[in-house]
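Structural description and commentary
Here is how the chains run, residue by residue.
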Amino acid sequence: MESAFSPEQIYELKESIVYAEGSVVSKIVSKTNGGNVTLFAFDKDQFLSEHTAPFDAIVIVIDGRGKITINKKDYTLAENEMIIMPANVPHAVYGIEKFKMLLIMLKD
């Protein structure tokens, strides 16, 4: 398993990843054959371009506000909100302002 985190430790999600000017930062929390969990920090106006994934992905915003586009429809999410991006449906992520999110990908 790849991870930047050790088992049996308590982590504050907001503090576990830092913003980088003009960038998107990612940090693997856990990666297994069943899926992966990754923290992201988006600077304002940074994004992940439209793409698809062969499995469902859950986004949980842990700081700030971001825009999630799913199948050409925009959703604005704030801290403590979540959305599910369904498998094989085009989606994108955009930093309306600086924001952090936890991404959970679930494989079959």
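Right above here is the structure, for reference.
The following refers to the structure shown.

Definitions and cut-offs
- Residues numbered from 1 in each chain as written.
- Predicted model: local features only at pLDDT ≥ 70, side-chain atom pairs only at ≥ 80, totals over all residues.
- Heavy atoms only, no water.
- Core = buried A, V, L, I, M, F, W, Y, C linked by side-chain atoms within 4.5 Å.
- Buried < 20%, exposed > 50% of the residue type's maximum accessible area, 1.4 Å probe, protein only.
- Helix = DSSP H or I, 4+ residues; strand = E, 2+ residues; numbered from the N terminus.
- Salt bridge = Lys/Arg side-chain N within 4 Å of Asp/Glu carboxyl O.

1. Points about the nonpolar core
Of all hydrophobic cores here, the largest spans 17 residues; its most connected members are Val59, Ile68, Met85, Met101 and Leu103. Only strand E2 (35–42), strand E4 (56–70), strand E6 (82–85) and strand E8 (99–106) provide two or more residues apiece to this core. Per-element accounting of this core gives the leading share, five residues, to E4. By size, the runner-up hydrophobic cluster in this structure holds six residues, among which are Phe5, Leu39, Ala41 and Leu102.

2. Some remarks on the pattern of salt bridges
Counted according to the given criterion, the structure contains five salt bridges. Here Lys72 makes a salt bridge to Glu50, at a shortest N to O gap of 3.3 Å. Linking Lys72 in the loop between E4 and strand E5 (73–78) with Glu50 in strand E3 (residues 47–51), this pair joins segments that are 22 residues apart in sequence. Classification of Lys72 by relative accessible area gives exposed; the value is 66%. Close ionic contact of Glu97 with Arg65 constitutes a salt bridge, the shortest N to O distance being 3.5 Å. Here Glu97, found in the loop between strand E7 (91–94) and E8, pairs with Arg65, found in strand E4; they are 32 residues apart in sequence, far enough to count as distant. Here Glu97 falls in the partly exposed class, since its relative accessible area comes to 30%.

Nothing here speaks to function; it is all geometry.
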